[in-house]
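# Overview (structure and organization)
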Amino acid sequence: MNKFWKTISLFGILTLITTGCQETKEEEARNKMDDDTLNGNAMDGYNEKPKDGQVGYVRFNKNQLDQESEEHREIKVNREEMADMISRMVLRYDQFDDVATVVTDNEVLVAYQKANDFDRNKAADMVRKTAYSLVPSFYHVYVSDNPASFGDVQSLSNSTVYDQGYNDQINSIIKKMKESPQGNVKETDHERTNSGGNEETPMEN
C-alpha cells in the first residue's frame, strides 16, 4: 500500500514540475512579446490566437529597433493569400466568370474570362484596379482576357523566384499579356482605388 501511495506522490510531483516548466516557457514568451512591443498584440506568429474579426495592432518605440537591420528588412507578402483575395474580389463582379491569379515578388498576373457583351478595355480596367487595391505599391499588375493566358498563369503556379529561367519566363508571359487590353491604369499609377465588389469586406493581415 505504501508503494502505491509513493507512486502516486511521485507522479504528482512530476506533474507539478512539468506544469511549472510549461508555465515558465509561456511566461518567457509573454515577456518577450512585452519587450518587443509597447502595447497591444504582437505580429502574427505568436501562440495567442486572435479573436475572430480582431484588428491588427503593433506599436514599436524607435529605440527598440535596430535601424540598420530595418533598412534592409524585406517586405514579405503572403503571395498565396494575395492571389486568393484578388481572384475572389474580381469574381464578385457579375461581368467575370473565371479568374486565375499568380503573385510573384513584385508582379501580379491575372487571367480572366469576361462576359461576351462586356467591353474589353473596361474589363481590364476593373481587374487591374481591383488587384492594385489589394497589393503593396511597388507591385505591377498585368492582365489578359486571352484564354491562353490561363495556361501561362498556371505554368507559374509551382514556381519559385529562385528557379533557373524564372525571370525569362515571367517576362515572356508579361509580354504576351500586354497584347491584351490593360485598361486605363498606368503601370506607374499607384493610386489605390477600392474597386472591390463589396466595400464592407474585411481584409486580413
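Residues numbered from 1 in each chain as written. Predicted model: local features only at pLDDT ≥ 70, side-chain atom pairs only at ≥ 80, totals over all residues. Heavy atoms only, no water.

### Quick notes on the overall build of the protein chain
Formally: Every helix listed is a DSSP run of H or I at least four residues long, and every strand listed is a run of E at least two residues long, numbered separately from the N terminus. Buried means the residue's accessible area, taken with a 1.4 Å probe over protein chains only, is under 20% of the maximum for its type, while exposed means over 50%, and partly exposed covers the values in between. In what follows, residue pairs with any heavy atoms lying within 4.5 Å of each other are defined as contacts.
If you tally the helices and strands in the protein chain, you get 6 helices and 3 strands. The burial tally for the protein chain puts 29% of its 205 residues in the buried class. A fraction of 64% describes how many contacts in the protein chain between residues 6 or more apart in sequence connect residues 24 or more apart.

### Focus on the pattern of salt bridges
Operational definition: The term salt bridge refers to a side-chain nitrogen of Lys or Arg lying within 4 Å of a carboxyl oxygen of Asp or Glu.
Scanning the model with the defined rule gives 4 salt bridges in all. As a salt-bridge pair, arginine 88 and aspartate 84 come within 2.7 Å of each other at their nearest N and O atoms. Of the two residues, arginine 88 and aspartate 84 are both situated in helix α3 (residues 79-90); the distance of 4 residues between them amounts to about one turn of the helix. When its relative accessible area of 55% is taken as the criterion, arginine 88 is described as exposed. With a shortest N-O distance of 3.3 Å, lysine 129 and aspartate 125 are connected by a salt bridge. Of this pair, lysine 129 and aspartate 125 both sit in helix α4 (residues 120-132), 4 residues apart, roughly one helical turn.

### Thoughts on the confidence of the model for the protein chain
Note the cut-off: A score from 0 to 100, pLDDT tells how confident the predictor is in each residue.
Across the protein chain, the average pLDDT comes to 76, with 66% of residues at or above 70. Note on residues 29-47: pLDDT is under 50 here. Beyond four places in sequence and across chains, it has 26 contacts.

### What to know about the nonpolar core
This is how it is decided: The set of buried Ala, Val, Leu, Ile, Met, Phe, Trp, Tyr and Cys residues whose side-chain atoms join them within 4.5 Å is what this entry labels a nonpolar core.
One finds Ile86, Phe96, Val108 and Tyr112 to be the most contacted residues of the largest nonpolar core, which totals 26 residues. Among the secondary structure elements, those contributing two or more residues to this core are α3, β1 (96-103), β2 (107-114), α4 and β3 (140-144). The contact partners of tyrosine 112, leaving out residues within four places of it in the chain, are Phe96, Asp98, Val99, Arg120, Ala123, Ala124, Val127, Val143, Ser144, Asp145, Phe150 and Pro181. Judged by nonpolar contacts, the second largest core, of 13 residues, contains Ala100, Val102, Tyr166 and Ile173.

### Comments concerning α3
In plain terms, the rule: Each residue after the first adds 1.5 Å to the expected span of a helix. The definition of a polar contact used here is a pair of N or O atoms within 3.5 Å, where within protein one atom must be able to donate a hydrogen and the other to accept one, and adjacent residues in sequence count solely through side-chain atom pairs.
Spanning 12 residues, α3 covers 17 Å between terminal C-alpha atoms, matching the ideal 16 Å at 1.5 Å per step. Elements that come into contact with the buried residues of α3 comprise β1, β2 and α4. Its side-chain oxygen placed 3.3 Å from the backbone nitrogen of glutamate 80, asparagine 78 serves as the N-cap of α3.

### With respect to the sheet that holds β1
Formally: In this description, strands pair whenever DSSP reports at least two bridges between them. Axes here refer to lines fitted to C-alpha atoms; in helices the fit is confined to the stretch in contact. Angles between the N-to-C directions go from 0 to 180 degrees.
Pairing is mixed in the open sheet, where 3 strands are placed in the order β1-β2-β3. The open sheet has two edge strands, β1 and β3, and neither has a second partner. Each strand of the sheet is rotated relative to its neighbour by a mean of 20 degrees, with strand direction disregarded. Here 5 bridges tie β2 to β3, and the two strands are oriented parallel to one another. Across the sheet, the residue bridging to valine 108 is valine 141, located in β3. Of the strands in this sheet, β1 and β2 are in contact with α3, which crosses β1 at around 160 degrees. Contacts between helix α6 (residues 166-177) and the sheet are confined to β2 and β3, with β2 contributing the most and set at about 40 degrees to the helix.

### Some remarks on the side chain of threonine 101
Note that threonine 101 resides in strand β1. Among the polar contacts listed, one links the side chain of threonine 101 to the side chain of serine 87, at a separation of 2.8 Å. In contact with threonine 101, not counting residues within four places along its chain, are Ala83, Ile86, Ser87, Val108, Leu109, Val110 and Val153.

### A look at the pairing of β3
On a regular strand, each side chain points to the face opposite its neighbour's, so the side chains alternate between the two faces of the sheet. Worth spelling out the cut-off: When the strands point away from the viewer, a crossover counts as right-handed if the path from the first strand over the helix to the second runs clockwise.
Among the 5 residues of β3, 4 are classified as buried, and the element is accordingly described as predominantly covered. A crossover connection joins β2 to the parallel β3 through α4; in handedness this β-α-β unit is right-handed.

### Brief notes about the environment of aspartate 125
A residue is classified by how much of its surface remains accessible, and aspartate 125, at 12% relative accessible area, is buried. Residues aspartate 125 and valine 143, 18 residues apart in the sequence, show an inter-C-alpha distance of 9.1 Å. Residue contacts for aspartate 125: discarding those within four places in its chain leaves Gly183, Asn184 and Val185. For aspartate 125, the side chain forms a polar contact with the main-chain nitrogen of asparagine 184, separated by 2.9 Å.

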